[in-house]
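Read off the chains here:
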Amino acid sequence: MKQLALFIFTGCSFCGLHAQAPARQVNAVRTTEHIKIDGVIDEEAWKTASVITDLVEMRPTFGQVEDKRNRSELFLLYDDKAIYFGGTLYESSVDSISTELAGRDAVGINDFVGIIFDTYQDKINGLGFFVTPLGEQFDAKYSIGGNGGEDETWNAVYHTAARINSKGWSFEMEIPYSAIRFSKNKVQNWGLNVIRRRTKSGRQFSWSPVNPANFGFMNQAGTLANITDIKPPLRLSFSPYLSTYLTNNPLTPENKWDASINGGMDLKYGISDAFTMDMTLIPDFGQVQSDNQVLNLTPFEVRYDEYRPFFNEGTELFNKGNLFYSRRIGGQPLHYGDVYSQLAPGETLVRNPTETKLLNATKISGRTPKKLGIGFFNAITRPEYATIQDLDKNSHKVQTAPLTNYNEIVFDQAMKHNSSITLVNTNVWRSGTDYDANVTAFLWDIYDKKVDWNVWGQLTHSWIVGREATGKITSGYQYNFFLGKIKGRFNFDIHRLYADDQYDQRDMGYFTNNNFLTHGFYAGYKWLKPKSFYNNIYLNLNGNYSEMLIPRKYQYLRLNANANSQLKNLWVMGINADLRPEAHDFYEPRVEGKMVKLPGSWMTGFFIYSNRAKKYSANLQIFQRRSSKYDMLSTDFNIGNSYRFNNKLTVGLSASIGFADRDFGYAYTGDADSSIFGLRDRRTVENVLETRYNFNNKMGITFRLRHYWSQVHYTQFFNLKDDGEVEDIGRASQNPDDNVNFFNIDMVYTWQFAPGSFLTVAWKNAGVLFNQEVQDKYFENISNTLREPQQNSLSLKVIYYLDYLKLKKVKR
């Protein structure tokens, strides 16, 4: 992960007493001379370039101009094909340069420099291109939204080189116009900023001052003026791939190795100067990281991260409104579980696919000159079938998923002062008799002229056709409303969240429950001017009070407070606490119409992170929750270690350990839909070993091993009464104990043999042990899991990037 937001948007800056500095401007300079991208600033053309100097500190002390010993001398040129950015980053000592071969799109502890363009000067959207002292690239797209408005999954093809020398380090960068979008105007002005990070000193700088106390990032950019006579090129590229797999699944009756060959292609086409189409045809995601599976004791599904590149890159428009959960596409078949109830006596289920096959997916996105962002997404998954066999070995198939089309359309109108209004529609169409679903949302995000105050919210309507009965329509509503002060040392918001009992977005979005009315607040205060022992201090208090909407009943009250600070030695530490009075939970009983009274509890905890720029870094988090009822006590430890042996090799080991004694929760559903609860002791241990070795800035190996163990042992059982209280029932009629182990290895060799072109070799191993025999000894759990049949996959994949204009030039 690039983690740029951590470095650009987390404030360590003094800002409360500084007025907004005037934005800077530099004139664009055209060149006709050839520039060799080798990291050495020795071409004559650089002597005529626009000069960018006197960067301003963003953190820890906002407003200070960089000192002369560690100054930046940067140059900017353009021609008919590309933007050229180069320069020298001076250091008083070469030892002050922080370097690590972290791999493409990984920041690590590297120093870096980057240039960010707002080509339409809408003060909202930007594209960033970065390089480290060892010549590694990372890039990002900027907007207003989550993660500080930064999409670190966006990727471009551009050229960089860097050299470390006695003065510090130098670099050169060529950004082809095919990597960016801009208008056809004869004379153009672009928003511009330059970012530099000096990791060991904990300092970060920008050319146009970026005050972290002021809202937004791109709205504080400067201007690159008078770019003349450049034309948007035809943006058309192809990335065909070929992959081959050797797989072994010992759970299948044959228990043999199978070989397969796959082929497909990604296509990127610039429909106009402002809009781009991305398409993936017969995609192959078999090499992505394995999911971090867990034992889920809650009534809601686990939300897993998305590792498939197509569904991560350039999705900032589609994520508006939180209606798009990409794991729905290619996920578990709709009727995966239903097939078990269709087995006749003597029949066995010999094959039941756990995922649906994605046939193709398309994204179209861009923004018009009038700042209207438009996004279109469409994906199609094929039908899936389970195979059932009778005693005579005769087989027949049962459909578990129909042909399905997933669609999303977004219109996002940017306005003055970073304000915007947005319309989002998602639609899921299924062939045959299965139901369809449609969700539409209107969002607003409005700021005052000084960008001090903000009103934002969302109104959503869901429309389900044919789920309850053929042709029957079920519709529901949901809305959020927030009002807050976002500028200065003191920030706050108040909010109201509402969903009726029919609202449902689960078919294309993540969904837990509806039928609630929640009111809440957030208040925060920060000290951002570095003092004797700290660079910053943040305090905040937040709370929510929630009721069931229909009928109106109390659900919960939660209060949370925390404080955190970055110290002068660049360590980060903090404390937090929360209070949860007795809650009335209508979902934990797993029987409609029932409610259970969950005991009140309180939590305290702290965390500490050491300086990541050091060879060895570590972090520790400890949280403890208590409840006087049932004498419940749970403690969670999270420990992380990372050691950088040299620029090439880094090893990390993290451990999460959880102990819960006399935890109160759901056990099983008994006779006549009775809900049985219990007191349970739970032990959970997760260990993750990660090793990264990079041969150079184009080639490396990553190794990730994860073992997760969780056991639950129930010691006392209760029957849930109609009033939400429970009564002791002595013995249980079922055994709800669990002992679960997940073991995964992901090992990947990657070689970027040409710009945008990659060869990857991956080995994936997966083992699962799931039973009700509680085993207290951790190493025996590991041993037993490794003795279980292991699923293995060995794959080779080649992706080759083809740019149409270069192909056309070669042909000529």
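What comes next is a walk through the structure.

Procedures and definitions
Residues numbered from 1 in each chain as written. Predicted model: local features only at pLDDT ≥ 70, side-chain atom pairs only at ≥ 80, totals over all residues. Heavy atoms only, no water. Helix = DSSP H or I, 4+ residues; strand = E, 2+ residues; numbered from the N terminus. Rg over C-alpha atoms; globule rule 2.2 N^0.38 Å. Buried < 20%, exposed > 50% of the residue type's maximum accessible area, 1.4 Å probe, protein only. Pairing = 2+ DSSP bridges. Axes fitted to C-alpha atoms, helices over the stretch in contact; angles between N-to-C directions. Salt bridge = Lys/Arg side-chain N within 4 Å of Asp/Glu carboxyl O. Core = buried A, V, L, I, M, F, W, Y, C linked by side-chain atoms within 4.5 Å. Contact = heavy atoms within 4.5 Å. Lys, Arg positive; Asp, Glu negative; His and termini not counted. Polar contact = N/O pair within 3.5 Å; in protein donor to acceptor, adjacent residues only side chain to side chain. Arc of directions from axis to C-beta. Phe/Tyr/Trp six-rings, centres within 6.5 Å; stacked < 30°, edge-to-face > 60°. Patch = residues over 30% accessible without salt bridge, like charges linked within 9 Å, V, L, I, M, F, W, Y side chains within 5 Å. Areas by Shrake-Rupley, 256 points an atom, 1.4 Å probe, with all protein chains shown as cover.

Helices and strands together make up the secondary structure of the chain, namely three helices and 45 strands. Radius of gyration (C-alpha) of the chain: 28 Å, near the 28 Å computed for a compact globule of 812 residues. In terms of overall dimensions, the chain has a C-alpha envelope of 85 × 65 × 55 Å along the principal axes. Here the chain holds 812 residues, and 50% of them are scored as buried.

This paragraph deals with the sheet that holds strand β2 (residues 50-52). In space, the five strands of this open sheet follow the order β2-β4-β5-β11-β10, with antiparallel pairing throughout. If you trace the sheet from one side to the other, it starts and ends with β2 and β10 (159-165), each paired once. Averaged over all adjacent pairs, the angle separating strand axes in this sheet is 15 degrees, with direction ignored. Across nine bridges, the pairing between strand β5 (residues 82-90) and strand β11 (residues 168-176) is antiparallel. Residue leucine 89 lies in a different strand from β11, and its bridge partner there is tryptophan 169.

Attention shifts here to the pattern of salt bridges. Proximity of charged atoms lets side chains of opposite charge pair with each other. Tallying each qualifying case throughout the model produces 36 salt bridges. Arginine 382 is the salt-bridge partner of glutamate 384, the closest N and O atoms lying 3.1 Å from each other. For glutamate 384, a relative accessible area of 4% translates into the label buried. Notably, a salt bridge pairs glutamate 725 with lysine 597, separated by 3.4 Å at the nearest N-O pair. Remark: lysine 597 occurs in strand β34 (residues 596-598) and glutamate 725 occurs in the loop between β40 (699-720) and β41 (726-730); sequence separation between them is 128 residues. A network of salt bridges, in which partner residues are shared, links Arg430, Arg467, Asp504, Arg506 and Asp507.

A word on the nonpolar core. Ranked by internal contacts, the top residues of the largest apolar core, which has 37 residues, are Ile115 and Phe129. Elements represented by at least two residues in this core include exactly β4 (72-78), β5, β6 (112-118), β7 (126-131), β11, β12 (187-198) and β14 (222-228). Counting residues per element, this core draws most heavily on β11, which supplies four residues. In this structure isoleucine 115 touches Leu76, Phe85, Leu127, Gly128, Phe129, Met173, Ile175, Leu192, Asn193 and Val194, once residues within four positions along its chain are discounted. In this structure, Phe311, Phe324, Val410 and Ala441 belong to the second largest nonpolar core, which totals 21 residues.

What follows covers unusual backbone geometry. Along the chain, arginine 59 connects to proline 60 via a cis peptide bond; the corresponding omega equals 0 degrees. Within the fold, proline 60 resides in the loop between β3 (56-59) and β4. The peptide bond linking isoleucine 550 to proline 551 adopts the cis configuration, its omega dihedral lying at -10 degrees. Located in the positive-phi region is aspartate 229, a residue other than glycine, with phi close to 55 degrees. Relative to the elements of secondary structure, aspartate 229 occurs in the loop between β14 and β15 (236-248).

So, on to the sheet that holds strand β18 (residues 348-351). The strand order across the open sheet formed by three strands is β18-β21-β22, and the pairing between neighbours is antiparallel. Each edge of the sheet is formed by a strand with only one pairing partner; in this case those strands are β18 and β22 (395-401). Pairwise comparison of adjacent strand axes, ignoring direction, gives a mean angle of 40 degrees for this sheet. The sheet contact formed by β18 and strand β21 (residues 384-389) spans three bridges and is antiparallel. By the bridge assignment for β21, threonine 348 is matched with glutamine 389.

Next up on the list: the side chain of arginine 235. Within the secondary structure layout, arginine 235 lies in the loop between β14 and β15. No salt bridge is formed by the buried arginine 235. Its closest oppositely charged neighbour is aspartate 273, at 6.7 Å. In this structure the side chain of arginine 235 is engaged in a polar contact, spanning 2.5 Å, whose partner is the side chain of threonine 276. Residues within four places of arginine 235 in sequence aside, it is in contact with Tyr177, Ser178, Ile180, Arg181, Lys268, Tyr269, Gly270, Ser272, Asp273, Ala274, Phe275 and Thr276.

Attention shifts here to the pairing of β41. In terms of strand pairing, β40 meets β41 through four bridges, oriented antiparallel. Bridge pairing in β41 places asparagine 719 opposite glutamate 727. Between β40 and the antiparallel strand that follows it, β41, lie five residues; glycine 724 among them carries a positive phi value of about 95 degrees.

Every buried residue of helix α2 (residues 778-787) is listed here: Tyr778, Asn781, Ile782 and Thr785. Angularly, the buried residues of α2 cover 100 degrees about the axis, an arc narrow enough to put them on a single face. Turned more than 90 degrees from where α2 packs its buried face, Phe779 and Arg787 sit exposed.

This part is about the packing of aromatic side chains. A full pass over the atoms with the stated rule returns 44 aromatic pairs. Both rings, one in phenylalanine 129 and one in tyrosine 158, keep their centres 5.1 Å apart while their planes meet at 85 degrees; by these two values the pair is edge-to-face. Pair noted here: phenylalanine 129 is in strand β7 and tyrosine 158 is in the loop between β9 (150-151) and β10, with a separation of 29 residues, a long-range link. Pair check on accessibility: phenylalanine 129 and tyrosine 158 agree, each one buried.

Once that is clear, we can look at the pairing of β4. Within β4, six of the seven residues are buried, which leaves it mostly tucked inside the rest of the structure. Where β2 meets β4, three bridges bridge the pair, whose relative direction is antiparallel. Looking across to β4, one finds that serine 50 is bridged to leucine 76. With seven bridges connecting them, β4 and β5 associate as antiparallel partners. Counterpart to glutamate 73 in the pairing with β5 is threonine 88.

On to the environment of aspartate 661. Note that aspartate 661 resides in strand β38 (residues 649-669). Taking the C-alpha atoms as reference points, aspartate 661 and asparagine 619, separated by 42 residues in sequence, lie 25 Å from one another. Ignoring anything within four residues of it in the chain, the contact list for aspartate 661 reads Asp631, Met632, Leu633, Arg680, Asp681 and Arg683. Within the structure, aspartate 661 has its side chain in polar contact with the side chain of arginine 683 (distance 2.8 Å).

Side chains of Phe411, Met415, Ile421, Leu423, Phe442, Ile446, Leu459 and Tyr477 sit close together on the surface and give an oily, nonpolar patch of about 650 Å² of accessible area. Elements that contribute at least two residues to the nonpolar patch include exactly β24 (420-430) and β25 (436-447).

Another point: the environment of lysine 363. Within the secondary structure, lysine 363 is located in strand β19 (residues 358-367). In sequence terms lysine 363 and asparagine 378 are 15 residues apart; their C-alpha atoms lie 6.7 Å from each other. Those residues in contact with lysine 363 that lie beyond four places of it in its chain are Thr276, Met277, Asp278, Phe310, Glu313, Thr315, Phe318, Phe376 and Phe377.

Right, let's get into the side chain of aspartate 493. In this fold, aspartate 493 is placed in strand β28 (residues 490-499). Engagement of the side chain of aspartate 493 in a polar contact is seen with the side chain of histidine 495, the distance being 3.0 Å. The residues touching aspartate 493, leaving out its near neighbours within four places in the chain, are Trp456, Phe482, Leu483, Gly484, Gly520, Phe521 and Tyr522.

Within the fold, serine 92 resides in the loop between β5 and β6. Take serine 92: its relative accessible area is 47%, and that puts it in the partly exposed class. Not counting chain neighbours up to four residues away, the residues in contact with serine 92 comprise Arg69 and Asn70.

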